[in-house]
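# Structural features, examined
The chain contents come next:
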Amino acid sequence: MGTMTAAAKLFIFCNLLGLAFSSHFRGAVIQWSPVNNNGAIEINHRIAWRRSFSTELYCDSSTISSSSLIGYNTDYLTCRVGCSGNVGTMQYYCTDFSVNEDWSAGERSYSYTFSSGVTYFEASYTDCCWISNLVEGADGSWEVRVAGSLSVRSDTGSVNNSPRTSVPPIVRIQQGCPTVITIPVSDEDVHSGNVRDDLRCRWASSLNGECGGVCQVFPGATLSGCSLQVPATVGAGWYAVALQVEDFATTSSTTPMSSVPIQFLVNVFTSSASCGNKPNFTSPPTPRDGDTFGIALGDTWEVTIIAVTSGPGVSIVDIVTVSPIGFMKSSLTHISGTLSWYIDATWTPTSSQAGAHIFCFYAEDSVNLVSDQVCVILEVVDDCDCDLNNGGCEQNCVCTFGGYYCGCNTGYTPQGSICVDIDECASNNGNCDNSCENTI
């Protein structure tokens, strides 16, 4: 592994959601970022469980508004390398839940300090079991492992930030409909020329103790960059996905500076509906997948999410979110005379929430079809240079903690301050059955 500072934040996002059967575990993410150079880390873990499994894991709107700490105080993130003992419990403050999919999720922050001289660490959370009807890995144990260097980087002068990532606990895919699950990733490290670290995804490895009993157990699915491609030929059923997101100083670097686990469930379900009948979102005002927003401390981010059904007789029954602590969401409302339903959401981040966060959402309709997931990156900053000439950026100037960088609209890739069109047809024919036409 490469570098990272002695003081760090460790962010743990554990998607452990539930179904109406078997175990309560459904996946996890562990992330961290530096606080100072003295060996202290702030741990923020996000975790999700089967909502109906026990009273300790149950969450509803009153649980969220009361900021009640829930979960098991006997489950721990445990040191494996560079430290010893337990880092902290996996209890959490609930932020989101799904009645239809029977899961609740939330997060909590706490501190940990490494001994002087520690330059590398590993920590993991392990127990049993995954659900009993996985196509492969049924009733297997889980392990999610984070690793990183605590050394000061020569290019930034500070400890490395690990990547940020998140997905909904369950991703549902209609069988026979080729699908790409994009793993949202972000990184706070900015070096010369406003360049970010190179982020890469790979399958978790049993040799590194990263995936328990669900190592590469999604037959037919392939990983290209940070996109999980699920072909139409994948059989119906439940699959566990265990990946690692890693950051590299440059595109030519071969040693990651940190490794972040992300694990979740994929449900490939059967339906007689056409692949094009799933709900969609109206954008604008709904953010698009991959969008990035800068939020200054003290400001409130407001968003309206509008979901549209495929036709008359079908309604939207839920717009499900995976959000940071403090999000306020309205009830689902029908827009009279249309096929659209919406929710409004607002978030006023606190000073302790400075940095990158990922906000995801998807829609469910009354015939059990689901939209593609949408995940956006929220950069909470205390200062920004984007107010002057858009920071010199062609499209989007994105505020970051202590600086800014140039971003692009969906369908474009940044090259310095300019944005270049992405030819989606160049990869796998754009997942089209016949001809593919690239549009701008």
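Residues numbered from 1 in each chain as written. Predicted model: local features only at pLDDT ≥ 70, side-chain atom pairs only at ≥ 80, totals over all residues. Heavy atoms only, no water.

### Quick notes on unusual backbone geometry
In plain terms, the rule: Strands here are runs of E lasting at least two residues and helices are runs of H or I lasting at least four, both read from the DSSP assignment and numbered beginning at the N terminus. Think of it in three bands: with a 1.4 Å probe and only protein chains considered, a residue is buried below 20% of the maximum accessible area for its type, exposed above 50%, and partly exposed in between.
Here S283 and P284 are connected by a cis peptide whose omega angle stands at -5 degrees. Its place among the elements puts P284 in the loop between strand 22 (280-281) and strand 23 (292-296). Cis rather than trans, the peptide bond between P284 and P285 has omega equal to 10 degrees. Structurally, P285 can be placed in the loop between strand 22 and strand 23. Here S67, not a glycine, exhibits a phi torsion of approximately 55 degrees, which is positive. In this structure, S67 sits in the loop between helix 1 (61-66) and strand 4 (69-70). Given a relative accessible area of 48%, S67 falls into the partly exposed group. In this structure, D102 takes a positive phi of about 60 degrees despite not being glycine. The exposure class of D102 is buried, given its relative accessible area of 14%.

### What to know about the sheet that holds strand 25 (residues 316-322)
Note the threshold: Only strands that DSSP links by at least two bridges are regarded as paired with each other. Between the N-to-C directions of two axes lies an angle of 0 to 180 degrees, each axis being a line fitted to C-alpha atoms and, for a helix, fitted only over the stretch in contact.
Here we have four strands laid out as an open sheet, ordered 23-30-29-25, and mixed in their pairing. What marks the edges here is a single partner per strand, and that holds for strand 23 and strand 25. For this sheet, the mean inter-axis angle between neighbouring strands, taken without regard to orientation, is 25 degrees. Direction of pairing for strand 29 (residues 355-365) relative to strand 30 (residues 374-381): antiparallel, over a ladder of seven bridges. Bridge pairing in strand 30 places G355 opposite V380.

### Points about the confidence of the model for the protein
For clarity, the cut-off: Per-residue confidence from the predictor is reported as pLDDT, which spans 0 to 100. Note on contacts: a residue pair qualifies if any of its non-hydrogen atoms lie within 4.5 Å across the two residues.
The predicted model of the protein averages 88 in pLDDT, with 92% of residues at 70 or higher. Low pLDDT (under 50) marks residues 1-22, which in the prediction has 174 contacts with non-local residues, meaning those over four places away or in another chain.

### Digging into the nonpolar core
For the record, the criterion: To qualify as a nonpolar core, a set must consist of buried Ala, Val, Leu, Ile, Met, Phe, Trp, Tyr and Cys residues joined through side-chain atoms within 4.5 Å.
Core analysis: the biggest nonpolar cluster contains 52 residues, and W49, L77, Y125, W130, L134 and L265 have the highest contact counts within it. Per-element tally for this core: the top contributor is strand 3 (residues 40-50), with five residues. Excluding its chain neighbours within four sequence positions, the residues that come into contact with L265 are R26, W130, I131, L134, P169, I170, V171, W238, Y239 and A240. C201, V230, Y239 and V241 belong to the second-largest nonpolar core, a separate cluster that totals 23 residues.

### Comments concerning the pattern of salt bridges
The criterion, for reference: Salt bridges are identified by distance alone: a Lys or Arg side-chain nitrogen within 4 Å of an Asp or Glu carboxyl oxygen.
Tallying each qualifying case throughout the model produces 15 salt bridges. R46 is the partner of D96 in a salt bridge, and the nearest nitrogen-oxygen pair spans 2.6 Å. One end of the pair, D96, is in strand 7 (residues 92-98); the other, R46, is in strand 3, and 50 residues separate them in sequence. Residue R46 is classed as buried on the basis of its relative accessible area, which comes to 3%. In this structure, E379 engages R196 in a salt bridge whose closest nitrogen and oxygen atoms are separated by 3.6 Å. With E379 in strand 30 and R196 in strand 16 (residues 195-196), this residue pair connects regions lying 183 residues apart in the sequence. Residue E379 shares its accessibility class with R196, and that shared class is buried. Among the charged side chains, a salt-bridge network with shared partners connects R46, D96, E107 and K329.

### So, the side chain of Q373
The following threshold applies: Any pair of N or O atoms that falls within 3.5 Å is considered a polar contact. Within protein, one atom must be able to donate a hydrogen and the other to accept it, and sequence-neighbouring residues count only if both atoms are side-chain atoms.
When you line up the elements, Q373 lands in the loop between strand 29 and strand 30. Of the polar contacts made by the side chain of Q373, one reaches the backbone oxygen of T182; its length is 3.2 Å. For Q373, the residues in contact, after removing those within four places along its chain, are V167, P168, V171, I181, T182, P184, D289, F361 and Y362.

### Things to note about the environment of F269
By the element assignment, F269 lies in strand 21 (residues 258-269). For F269, a relative accessible area of 10% corresponds to the buried category. In the structure, F269 is positioned 100 residues away from L369 in sequence and 9.3 Å away in space, judged by C-alpha atoms. If near-sequence neighbours (up to four positions away) are discounted, F269 is found in contact with R172, I173, Q174, Q175, N368, L369 and V370.

### Brief notes about the sheet that holds strand 18 (residues 222-224)
Strand order in this open sheet of three strands is 13-19-18, and the pairing throughout is antiparallel. One side of each edge strand has no neighbouring strand; the edge strands of this open sheet are strand 13 (179-182) and strand 18. Averaged over all adjacent pairs, the angle separating strand axes in this sheet is 30 degrees, with direction ignored.

### Quick notes on the packing of aromatic side chains
Note the cut-off: Only centres within 6.5 Å qualify two rings of Phe, Tyr or Trp (six-membered ring in Trp) as a pair; their planes then separate them into stacked at under 30 degrees, edge-to-face at over 60, and tilted for everything else.
Counted according to the given criterion, the structure contains 15 aromatic pairs. Considering the side-chain rings of F25 and W130, the 4.6 Å spacing of their centres and the 85 degrees angle between planes classify their relative orientation as edge-to-face. Separated by 105 residues along the polypeptide, F25 in the loop between strand 1 (8-14) and strand 2 (29-33) and W130 in the loop between strand 9 (120-128) and strand 10 (141-149) bring together distant segments of the chain. With a relative accessible area of 0%, F25 lands in the buried category.

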